[in-house]
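Chain by chain, the residues:
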Protein chains: 2
Amino acid sequence: MKDISKLMNYRSDIRVVDATLRDGGLVNDFYFTDEFVKALYLTNIKAGVDYMEFGYKASRELFDENKFGKWKFCKDEDIRKIVGDNETDLKIAVMADVGRCDYQTDILPKNESPVDLIRVATYINTIPAAVKMIEDAASKGYETTCNIMAISGVRERDLEAALEILGQSPVNCLYIVDSYGALYPEQVQRIVDAYMNAGEKYGKKVGIHAHDNQKLAFANTIEAVGDGADWLDATYANMGRGAGNCAMELLLGFLKNPKYNIYPAVQFIEKHMNKLKEDGVVWGYDFQYLMTGLLNQHPRTAISFTKEGRKDYSEFYRELMVQDE
Amino acid sequence: MKDISKLMNYRSDIRVVDATLRDGGLVNDFYFTDEFVKALYLTNIKAGVDYMEFGYKASRELFDENKFGKWKFCKDEDIRKIVGDNETDLKIAVMADVGRCDYQTDILPKNESPVDLIRVATYINTIPAAVKMIEDAASKGYETTCNIMAISGVRERDLEAALEILGQSPVNCLYIVDSYGALYPEQVQRIVDAYMNAGEKYGKKVGIHAHDNQKLAFANTIEAVGDGADWLDATYANMGRGAGNCAMELLLGFLKNPKYNIYPAVQFIEKHMNKLKEDGVVWGYDFQYLMTGLLNQHPRTAISFTKEGRKDYSEFYRELMVQDE
C-alpha cells in the first residue's frame, strides 16, 4: 500500500513542470499569442510551478518557420521577450527531439540563454543519440532530462539497458512518457520501479509525462508520485495532443506542499483556456483515444478522426481492428 | 504491488452493473425514451454486462409522478414492457433509497417481478433502516446490495461498525459509493480493505460506485478491482450526476473476461449517447466538480453552477472557500 502519511505530507523534491505550450502546441501548431504566453508565465510563478516548458527547439532546416508558431522553435530572443531576465523561482525549459533539433548550433551556452533545462525526447532505439545531446547540453551548463517516449511499447530488458546507459550520462532526471496513454496504474508502478532502481543507483530523479487516452493521466501521475517519481508534467485544462495530459489543476489540488496554489490556475483557465476552446482548439478525451490507448497504438488515427469531425465510433473501431492483421 | 498476472487474467466473480438509467436519470429527471431503454437493454446483453439498473423505486407519496420520467419509480409493468420475461443472462436491478421508498408495498415478491436485485442506498447514519429494507427484500426472494453513500466523509470506526451490522444481515454485496468523487486511489485501497475484511468474515461481496469529479472514477474502479472488489458500477459515456461515473467503455476495455465485449457499447454510444448530448443533456468532468470533489463536498453547488451555464470558475472557487467558515 502507498504510504498515506507521506502522501498527506509532501516531498520537497517534487517538481511540477508546466508543459502547456509544448504539448498543447501540438494541437494548435504552436500559435499562442504573446498575451497568452505572458499570462501563463505569470500564472506559473503565482501557482508555485517549478518549470515552464516553452516549446520545442525544432530544427529550422527540417521545419518551415512560416508553418508554425514561434514556440516550435523557442529562440532565446522570443523567450526573453516574455520573461526578460526571468528573475523568479520559475525555471525555463525547452524540449529537444533526437533527430529533429540542430542542438550544436541552436542551443547556446547556458550563460547566454534564459533557458535552464533541456528536455531531450527520444525513442528507445536512439538512446546513444540522446546521450550525445544530453552531454552537449550539460557541458553548456544546462540541467537535462531524458524523456523516453512511447514507453508502453518498450520491452523491459531494453528499458533496463537504456536506463543503464542513461544512468552513466550527466542527465538529471529520467522521464517516463506514456505517449499512447496506454498504461494502467499497476503498470506505471512497475515502470517507475525500474526507473527508480536506475535512479537510485546513479543519483537521477524520475519523472512522468502522462496522456489521458483512458482518462488515467492524473491517476497515473499520482500513482507515480506514490512510487517515488518527483518530476511531474501537467498542462492547464489538460491541453495536449489528442486526449491531452494530466491537468495542472488536478495535480495542484493533489499536492500538499503549501508552495503550490490552485487559485491562479483557476483564474488562468477561466480567462485563457476557456477562450482557446471557444476559438475552436480541440483536445481532450473522447472514445477514439480510448481505442488507440487500449490497443497501445500511436493516437494519429484518432487525431485524424477528430480533425475530420467524425463521430462514427463503430466504423473507427472496425478500422483499428483490421489494421493489425 | 497489484498482482499483474491476476489482472491480465480475470476473476469469474466480477460483476459489471450498468447504472446508466439510474445515475444518468439524475441528469435528465429519468426521461429516457422506450427506444433508448430497449436499445440499452439489448446492448447490455450483447456486451456481457451482468446487471442493468433500471432506476429508482421512489416513493410515489414523496415524489410527483408527473414531474419525473417513469424510471424514477420503476414499476414492474414498465420494466416488463422492455424486457418481457427477460429470458437472458442479464439480471435486472433497481435502487431503493432509505427513507424515500415505500418498499413494503412497492416491492412485490420476487416471483411476481422481473427484478432480480434490490440495491439499498443509505447514508452511514441509517444503517439499521437499510438492514430492514435488505431483510424485506431478501425475504421476498431478491438478491441485495447495500450501497453506503458519501463514503469519503465516513469515519473509519463508524464504517467498521456499520460493516459489522451489515455483515450479519442477508445482504449479498457491500458497496463503496464515492458520491462526492473525493477519493484518491490510495484511499480507495484502504476502504476496500475495510470492506474486504467484513466481506471475508461474513461471506459478502464488495462493490464500488465511483464518480468522476477528479477524473478518477475509472482509476478508482480498477484500483478496487486490484484490491478484491468484484461488483463494478459503470455507465455508458460515463453518464451520471455531475461529473458522471466510471465509463462502461473504459471498464469493458480493461476487463479480460472474454464474456465482455466493447463493440456493442461503442455502437450504443455512437447512436444513443451522442444523441443525448446533442439534445442538450449535460454531464461530465469540469472544473467545478474538481473543486467540490477536492473539498469533499456534495456536488450540488457545482451542479447549480453547471445548470446556470456559469463559467466564472474563480468566483465559484471563492464561494466554496468562504462556505465553510
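Residues numbered from 1 in each chain as written. Chains lettered and ligands numbered in written order. Predicted model: local features only at pLDDT ≥ 70, side-chain atom pairs only at ≥ 80, totals over all residues. Heavy atoms only, no water.

Peer 1: Just give me the short version of the interface of chain A and chain B, but keep the residues and values in it.
Peer 2: Quite often, the size of an interface is put as the accessible area lost when its parts meet. Counting residues at the interface gives 44 residues for chain A, matched by 44 residues for chain B. A buried area of about 3,900 Å², summed over both sides, lies between chain A and chain B, and 66% of it is on carbon and sulfur atoms. Run the count over chain A and chain B and you get 2 salt bridges. Across the pair Asp 212 of chain B and Lys 215 of chain A runs a salt bridge whose closest N-O atoms are separated by 3.1 Å. Here chain A is connected to chain B by 10 residue pairs in polar contact (both at pLDDT 80 or more). Only helix H1 (4–8), helix H8 (185–202), helix H9 (217–227), helix H10 (248–254), helix H11 (263–278), helix H12 (287–294) and helix H14 (313–323) of chain A provide two or more residues apiece to the side of chain A that touches chain B. Partitioned by chemical class, the residues of the side of chain A that touches chain B number 22 nonpolar, 8 polar and 14 charged. (Contact = heavy atoms within 4.5 Å. Buried area = accessible area lost by both parts, 1.4 Å probe. Salt bridge = Lys/Arg side-chain N within 4 Å of Asp/Glu carboxyl O. Polar contact = N/O pair within 3.5 Å; in protein donor to acceptor, adjacent residues only side chain to side chain. Helix = DSSP H or I, 4+ residues; strand = E, 2+ residues; numbered from the N terminus. Nonpolar A, V, L, I, M, F, W, Y, C, P; charged D, E, K, R; others polar.)

Peer 1: An account of the sheet that holds strand E6 (residues 173–177) of chain A is needed here, citing residue identities and associated values.
Peer 2: Residue and element names in this part refer to chain A. The 8 strands lie next to each other as E1-E2-E3-E4-E5-E6-E7-E8, forming a closed barrel whose pairing is parallel. Here the average twist between neighbouring strands, direction ignored, is 25 degrees. Where strand E3 (residues 91–97) and strand E4 (residues 117–122) come together, 5 bridges link them in parallel fashion. Bridge pairing in E4 places Ala 93 opposite Leu 117. (Pairing = 2+ DSSP bridges. Axes fitted to C-alpha atoms, helices over the stretch in contact; angles between N-to-C directions.)

Peer 1: Any details on the pairing of E6 of chain A? Residues and values, ideally.
Peer 2: All names here are of chain A. Counting buried residues along E6, 5 of its 5 residues qualify, which places the element largely inside the surrounding structure. Handedness of the crossover joining strand E5 (residues 143–148) and E6 through helix H7 (residues 156–167): right-handed. In this view, the connection linking E6 to its parallel neighbour strand E7 (residues 205–209) by way of H8 has right-handed handedness. (Buried < 20%, exposed > 50% of the residue type's maximum accessible area, 1.4 Å probe, protein only. Right-handed = clockwise from strand over helix to strand, strands pointing away.)

Peer 1: For the relation of the copies chain A and chain B, give the residues involved together with the corresponding values.
Peer 2: Least-squares fitting of chain A to chain B yields an RMSD of 0.0 Å, with the transformation described by 0.0 Å of translation along the axis and a rotation of 180 degrees. A rotation of that kind, with that shift, is consistent with a two-fold axis. (Least-squares fit on C-alpha atoms with pLDDT ≥ 70 in both.)

Peer 1: Outline the pairing of strand E1 (residues 15–18) of chain B, supporting the account with residue identities and numerical values.
Peer 2: All names here are of chain B. Two elements, E1 and strand E8 (residues 231–234), share 4 bridges in a ladder whose sense is parallel. In the strand pairing of E8, Arg 15 is matched with Trp 231. Note that E1 and strand E2 (residues 51–56) share 2 bridges and pair parallel. Its bridge partner lying in E2, Asp 18 is registered against Met 52.

Peer 1: Summarise the packing of aromatic side chains; cite the residues concerned and give the values.
Peer 2: Inspection of the entire model under this criterion finds 30 aromatic pairs over all chains. Measuring from centroid to centroid gives 6.4 Å for Phe 68 of chain B and Phe 73 of chain B, while their planes differ by 70 degrees, and the two rings are edge-to-face. Residue Phe 68 of chain B is classed as partly exposed on the basis of its relative accessible area of 21%. Given a relative accessible area of 4%, Phe 73 of chain B falls into the buried group. Three or more aromatic residues link up through ring pairs in this structure, and these residues are Phe 32, Phe 36, Tyr 236 and Phe 268 of chain A. Taking the ring centre of Tyr 56 of chain B as reference, the NZ or CZ of Lys 72 of chain B above it sits at 5.9 Å. (Phe/Tyr/Trp six-rings, centres within 6.5 Å; stacked < 30°, edge-to-face > 60°. Lys NZ or Arg CZ within 6 Å of the ring centre and 35° of its normal.)

Peer 1: Mind laying out the pattern of salt bridges, listing which residues take part and the relevant values?
Peer 2: In the structure shown here, the tally under the stated rule is 54 salt bridges over all chains. Note that Lys 205 of chain B and Asp 230 of chain B form a salt bridge whose closest N and O atoms lie 3.0 Å from each other. Taken together, the residues span a long stretch of sequence, with Lys 205 of chain B in strand E7 (residues 205–209) and Asp 230 of chain B in the loop between helix H9 (217–227) and E8 at a distance of 25 residues. Judged by its relative accessible area of 6%, Asp 230 of chain B is buried. A cluster of three or more residues bridged by salt bridges with shared partners is formed by Arg 22, Asp 23, Glu 53, Arg 119 and Asp 233 of chain A.

Peer 1: Provide a residue-level description of the side chain of Ser 113 of chain A, including the pertinent values.
Peer 2: All names here are of chain A. One can find Ser 113 in the loop between helix H5 (103–106) and E4. Reaching out from Ser 113, the side chain makes a polar contact with the side chain of Asp 76 at a distance of 3.2 Å. Among the polar contacts made by the side chain of Ser 113, one reaches the side chain of Tyr 142 at a distance of 3.4 Å. Apart from residues lying up to four places away in sequence, Ser 113 is in contact with Asp 76, Arg 80 and Tyr 142.

Peer 1: Explain the sheet that holds strand E4 (residues 117–122) of chain B residue by residue, including any values.
Peer 2: Residues and elements named next belong to chain B. Strand order in the closed barrel formed by 8 strands is E1-E2-E3-E4-E5-E6-E7-E8, and the pairing between neighbours is parallel. Going across the sheet, the axis of each strand differs from the next one's by a mean of 25 degrees, ignoring polarity. Packing against the sheet, helix H7 (residues 156–167) makes contact with strand E5 (143–148) and strand E6 (173–177), and its axis sits at approximately 170 degrees to E5.

Peer 1: Let's hear about the side chain of Asn 86 of chain A: which residues, and what values?
Peer 2: Residues and elements named next belong to chain A. Along the chain, Asn 86 turns up in the loop between helix H4 (76–83) and E3. A relative accessible area of 10% means that Asn 86 is categorised as buried. Within the structure, Asn 86 has its side chain in polar contact with the side chain of Tyr 41 (distance 2.6 Å). If near-sequence neighbours (up to four positions away) are discounted, Asn 86 is found in contact with Tyr 41, Lys 91, Ile 92 and Asp 116.

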